[in-house]
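Residue-level structural notes
Listed below are the residues making up each chain.
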Amino acid sequence: MFDRDADGAREATERGKRDMRFKELMDSIFYELNDCQKVGQSSASYRLSEEDINEFLDDVTESLQARGYEVTFEHPSLKISWELSEE
């Protein structure tokens, strides 16, 4: 029983670490996008590490597309574009 509890705790810890790394990556991407939008740009390029490409590429792409961004991947960078808001 203890082994099963230890395995579950270990899996939960690994899942938590992965979730935190994903959140930090997305925060970094949104920080970059925000900077680009402030100066009137409608696109940005964000370079991913090989580890991020292997683990998070699909999740990042889906998350950005769900927020209305157009995303393409040209190794090792994401090309992200959006419509400029009419202010």
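The structure under discussion appears in the preceding block.
The structure reproduced in this document is the subject of the present report. Fair warning: this is a prediction, and the values are worked out from it, not measured in the lab. (Residues numbered from 1 in each chain as written. Predicted model: local features only at pLDDT ≥ 70, side-chain atom pairs only at ≥ 80, totals over all residues. Heavy atoms only, no water.)

Quick notes on the packing of aromatic side chains
Under the defined criterion, the tally for this structure stands at three aromatic pairs. Centre to centre, the rings of Phe22 and Phe56 are 5.6 Å apart; their planes meet at 45 degrees, and the pair counts as tilted. Here Phe56 lies in helix 2 (residues 50–66) and Phe22 lies in helix 1 (residues 2–38), a separation of 34 residues in the sequence. On the basis of relative accessible area, Phe56 is assigned to the buried category, the value being 1%. (Phe/Tyr/Trp six-rings, centres within 6.5 Å; stacked < 30°, edge-to-face > 60°. Helix = DSSP H or I, 4+ residues; strand = E, 2+ residues; numbered from the N terminus. Buried < 20%, exposed > 50% of the residue type's maximum accessible area, 1.4 Å probe, protein only.)

Some thoughts on the pairing of strand 3 (residues 77–81)
Judged from the five bridges that link them, strand 1 (residues 43–47) and strand 3 form a sheet pairing that is antiparallel. Note on strand 3: the bridge partner recorded for Arg47 is Ser77. In the sheet, strand 2 (residues 70–74) pairs with strand 3 via five bridges, with the strands oriented antiparallel. Looking at the pairing, Glu74 lines up with Ser77 of strand 3. Joining the antiparallel neighbours strand 2 and strand 3 is a turn of two residues. (Pairing = 2+ DSSP bridges.)

A short note on helix 2
Here helix 2 spans 23 Å end to end across 17 residues, near enough to the 24 Å set by a 1.5 Å rise per residue. Along its length, helix 2 reaches its greatest deviation from straightness, about 75 degrees, at Phe56. Those residues of helix 2 that fall on the buried side of the exposure criterion are Asp52, Ile53, Phe56, Leu57, Val60, Thr61, Ser63 and Leu64. (Expected span 1.5 Å × (residues − 1). Bend = angle between axes of the 7 residues up to and from the residue.)

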